[in-house]
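Listed here are the chains, written in short residue letters.
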Amino acid sequence: MPQNTKASPAFSRRRLLQGMAVLSLSAVCSSLFPAQMAAAQQSAESGFVATSSFLVSRPASPILAERYYSALCRHYADFPTRFAALKGYIATQNFAHVDAFLRAVDATHPLFQTASLIIASWYTGVVGEGAGSELIAYADAMMYLPTKDILVVPTYGGGPDSWGWDPAQKVKEKGEAA
Amino acid sequence: MKQVDADVVIIGSGVMGGLVATELAKAGKSVIIVEAGPRIKRQEIVERFRNSPFKMSLTNMKLQGVGSPYPDLPHVPSTYGEYLQQTGPVKYPTKYLRVVGGTTWHFGSALWRMIPNDFKLQSLYGRGRDWPIDYQELEPWYGRAERELGVSGMDGQDESGHGGEAWPPRSTPFPMTGLEPSYLFKRLSELLGKGGYNPVMEPNGRATRPYGRRPACAGNNNCNPVCPIAAKYDGSMHIDEAERHGATLLDNSVVYKIEADDAGKITGIWYRKPDGSNHHLTANYFVLAAYGIESPKLLLMSTSARYPNGIANGSDQVGRNLMGHTGISMNVMMKEDVWPGQGPTELLVYLNNRDGPFRKDFPSYKIKVRNTVPTADYAASLIKKGVLGSKLDEELKRMSARSLNFAIDFETLPLAENRIVPSKTRQDAIGLPVPEIYYSVTDYWHAGKTQGLLDFDNFARLLNADVSKIDTGYQDRQHIMGTTIMGDDAKNSVVNRHCQSHDHPNLFIAGTSVMPSASCMNPTLTGAALSLRLADYLLKTVKV
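The model shown is predicted, which means the values in this text are computed figures rather than measured ones.

1. Describing the overall build of chain A
Inference 1: Regarding its fold elements, chain A presents eight helices and two strands.
Inference 2: Secondary structure of chain A in N-to-C order comes out as α-α-α-α-α-α-α-β-β-α.
Inference 3: When contacts within chain A are restricted to residue pairs at least 6 apart in sequence, those whose partners lie at least 24 apart make up 58%.
Inference 4: When the accessible surface of chain A is totalled, it reaches about 9,100 Å², and 59% of it is carbon and sulfur.

2. Description of the interface of chain A and chain B
Inference 1: Listed as interface residues are 40 residues of chain A and, on the opposing side, 45 residues of chain B.
Inference 2: Counting each side, the surface lost to burial between chain A and chain B is near 3,400 Å², with a carbon and sulfur contribution of 68%.
Inference 3: When the buried surface of chain A facing chain B is broken down by residue, A:Leu151, A:Thr155 and A:Trp163 rank first, second and third, together holding 23% of it.
Inference 4: Where chain A touches chain B, the interface holds one salt bridge.
Inference 5: The partner of A:Arg58 in a salt bridge is B:Asp393, with the nearest N and O atoms 2.8 Å apart.

3. What to know about the pattern of salt bridges
All names here are of chain B.
Inference 1: Using the criterion set out here, one finds 34 salt bridges over all chains in the structure.
Inference 2: Among the salt bridges present, the one from Glu 202 reaches Arg 206, with a minimum N-O distance of 3.6 Å.
Inference 3: A salt bridge links Arg 402 to Asp 337, with the shortest nitrogen-to-oxygen separation between them at 2.7 Å. One end of the pair, Arg 402, is in helix 10 (residues 389–402); the other, Asp 337, is in the loop between strand 12 (327–333) and strand 13 (348–350), and 65 residues separate them in sequence.
Inference 4: Take Asp 337: its relative accessible area is 36%, and that puts it in the partly exposed class.

4. Looking at unusual backbone geometry
Residue and element names in this part refer to chain B.
Inference 1: Of note, the bond from Trp 167 into Pro 168 is cis; its omega dihedral lies within 30 degrees of zero at 0°.
Inference 2: Inspection of the secondary structure assignment puts Pro 168 in the loop between strand 4 (152–153) and strand 5 (176–177).
Inference 3: Note that the residue after Asn 224, namely Pro 225, is joined by a cis bond; omega there is 10°.
Inference 4: Among the secondary structure elements, Pro 225 is positioned in the loop between strand 6 (199–201) and helix 7 (236–244).

5. Brief notes about the packing of aromatic side chains
Between two aromatic rings, the relevant description is the distance of the centres plus the angle of the planes.
Inference 1: One pass over the structure, following the stated rule, counts 30 aromatic pairs over all chains.
Inference 2: With centroids separated by 5.8 Å and ring planes inclined at 70°, the aromatic side chains of A:Tyr69 and A:Phe79 adopt a geometry described as edge-to-face. One end of the pair, A:Tyr69, is in helix 4 (residues 62–75); the other, A:Phe79, is in helix 5 (residues 79–93), with 10 residues separating them in the sequence. A single burial state applies to A:Tyr69 and to A:Phe79, both of which are buried.
Inference 3: Residues B:Phe362 and B:Tyr365 carry aromatic rings whose centres are separated by 6.4 Å and whose planes lie at 40° to one another, so their mutual orientation is tilted. Grouping residues by exposure puts B:Phe362 and B:Tyr365 together as buried.
Inference 4: The rings of B:Phe358, B:Phe362, B:Tyr365, B:Phe410, B:Trp445 and B:Tyr474 are connected pair by pair, giving a single aromatic cluster.
Inference 5: Here the basic side chain of B:Arg50 rests over the ring of A:Tyr156, its NZ or CZ set 4.0 Å away from the ring centre.
Inference 6: A cation sits over an aromatic face here: B:Arg272 above B:Tyr256, 4.6 Å from the ring centre.

6. Describing the sheet that holds strand 8 (residues 254–260) of chain B
Residues and elements named next belong to chain B.
Inference 1: One open sheet accounts for three strands, arranged 8-9-10; its pairing is antiparallel. Two strands close off the open sheet at either side, each with one partner strand: strand 8 and strand 10 (278–281). On average, adjacent strands in this sheet sit at an angle of 25° to one another, irrespective of strand direction.
Inference 2: Direction of pairing for strand 8 relative to strand 9 (residues 266–272): antiparallel, over a ladder of six bridges. Its bridge partner being in strand 9, Lys 257 is matched across the sheet by Trp 270.

7. Structural notes on helix 9 (residues 375–384) of chain B
Residue and element names in this part refer to chain B.
Inference 1: Along helix 9, the residues classified as buried are Thr 375, Tyr 378, Ala 379, Leu 382 and Ile 383. Buried positions in helix 9, seen along its axis, are confined to an arc of 120° and lie on one side of it.
Inference 2: Gly 386 sits one or two residues past helix 9 and shows a positive phi near 90°.

8. Some points on the sheet that holds strand 2 (residues 31–34) of chain B
All names here are of chain B.
Inference 1: Here we have five strands laid out as an open sheet, ordered 7-2-1-11-19, and parallel in their pairing. Pairing within the sheet leaves two strands with one partner each, and these edge strands are strand 7 (248–250) and strand 19 (507–509). Between one strand and the next, the sheet's axes are offset by a mean angle of 20°, whatever the strand orientation.
Inference 2: Direction of pairing for strand 11 (residues 283–288) relative to strand 19: parallel, over a ladder of three bridges. Paired with Phe 286 across the bridge in strand 19 is Leu 507.
Inference 3: Each of strand 1 (6–11), strand 2 and strand 11 is contacted by helix 1 (residues 15–26), which is oriented at about 165° to strand 1, the strand it contacts most.

9. Overview of the side chain of B:Thr326
All names here are of chain B.
Inference 1: Within the fold, Thr 326 resides in the loop between helix 8 (291–301) and strand 12.
Inference 2: A residue is classified by how much of its surface remains accessible, and Thr 326, at 4% relative accessible area, is buried.
Inference 3: A distance of 2.7 Å separates polar atoms of two side chains, one belonging to Thr 326 and the other to Tyr 439.

The rules behind each value
Residues numbered from 1 in each chain as written. Chains lettered and ligands numbered in written order. Predicted model: local features only at pLDDT ≥ 70, side-chain atom pairs only at ≥ 80, totals over all residues. Heavy atoms only, no water. Helix = DSSP H or I, 4+ residues; strand = E, 2+ residues; numbered from the N terminus. Contact = heavy atoms within 4.5 Å. Areas by Shrake-Rupley, 256 points an atom, 1.4 Å probe, with all protein chains shown as cover. Buried area = accessible area lost by both parts, 1.4 Å probe. Salt bridge = Lys/Arg side-chain N within 4 Å of Asp/Glu carboxyl O. Buried < 20%, exposed > 50% of the residue type's maximum accessible area, 1.4 Å probe, protein only. Phe/Tyr/Trp six-rings, centres within 6.5 Å; stacked < 30°, edge-to-face > 60°. Lys NZ or Arg CZ within 6 Å of the ring centre and 35° of its normal. Pairing = 2+ DSSP bridges. Axes fitted to C-alpha atoms, helices over the stretch in contact; angles between N-to-C directions. Arc of directions from axis to C-beta. Polar contact = N/O pair within 3.5 Å; in protein donor to acceptor, adjacent residues only side chain to side chain.

Rendered as structure tokens:
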């Protein structure tokens, strides 16, 4: 499965490839898509990766962050402003965990709504509304992480005879938290 | 006979057309298969599925037009969009695929036999119609269809649902052993068994060992919309085989007219290409295999001075008797982790009310448990409700582990008023009328619903689960039957017991549209058995 990228040799190679991808993407973007290039630069400069990591309580991929950020800007014209407000607020509060932020802000508040939009993007892998929605990530969508090792991401099956056991038993055997 | 383009022209390249084409081509006959839609490549459909923001699911039905990974082309509009016009009190939003290989590309792959009593509904229970043939007549063809389609199943099960001895009778075993049941299926069998519910594992088209060119099922949990590895049978496999034996396939060729001479003989067909050009084909024999909506639509469109009501329609039954498995569903929340979504998308069903004297009063039905990976639906709905942070991960896990969906499929009866006709007001992009569907249910269906809801109550109690939702909104199960109904009497049926038109001896109809009764089971294997029997009749009796 694509999110199984823990092994260290693969990790370093992946990082290298990611770097190369950023370079080539930048080259292409700057020549052909100045608007997207500007958005990507804004993503890097805006602190979207760090804020995303805080909101989803886990490391956020810089490559995906760039794609989510530019998609959010495309679908919601006021996103840069909304995001700046959210980032500014979080910076002033020193929350230890996103749960503290969620307790501090009312669900109807614009800051909460912006946080929800960013979390929804990372979790579902989709940005936008209704028929205009756009897929940014499938197997790397974070919604699959809580049930990883028990349920597959459809089309990325576990192989013949990879089911039939009691998931509770299997998780115990693997020494992972249930 | 005069010079013709082929011995046999087959209209439609789904499983039924593919089976007939393969049998005829193997016997050395010249065969042309005419398919309205395009050829598709599995890897492209898989990629389109993965890249789509809308995954097929039970909860975003409205957006499935956007989400179907299959082509939606001007000359073959997708049935996931606005193509099918609904005019009746109950919607019949069926989804079939107009591509080479047909609708089995996205079927769940349940491949059930009917049981003997399903063929005698009128004489046993005073409901619906009897078939002109009985189970024993079809039994060997069921066996052959199971081998052709590569069915995996559990020998020895009582598929009538009574927990008794093996039923229906079989002269041959399943070609492959059954799939391993998931933990969910085992646990449900245990809990529901205490209430007298007998678990039955569905025979299906997923390979459990390499079978022909198919690998074993790898638990991709994606039977619908597409098996990524071709472990699950689909009709394109028989089209490929027919072509290897010399059959010719014309894709993107929409047949819009069947012609007959004054004596009743079918002389040719006309088809239209996406560029609007019209083409003619002749043959000695014709097999119509365009499934339960396009087949009758084409017959009804083929009007002329001699045949003002269309081809094969002396009985006025073409397009009528539309049946389906109109259903209901229940969502429950368990108090223990059972994890639906492991392994293939469906397997366990309950058939306690598949057959019995009750069919005088309410219809046969099956209860099935959904086993699709639910993550995407839950994530979207939780976030919408404001569930974020640690709670989001916890809830995703809890709902995925404990939320279950049970669905009931009811048998419906052949009713003359439930019908499909070519629209008089709307056309597709190449100027052909779209299908218009009138569908309704009777008190008989509602009596079944009442009974089914009692089972839902029992299920929730036996599972110690809380009911979160019950939907009685006439859910469509995409099983089209009855629209070119079979019978011995030319006055009230379209084809005879050999699937041969009463009006046109050189016209045959293959598929589930000829079925005189629907039972409560997925009809594909019955259609396949009838198609193989039809091919045999063409070769041995008609001597095409």
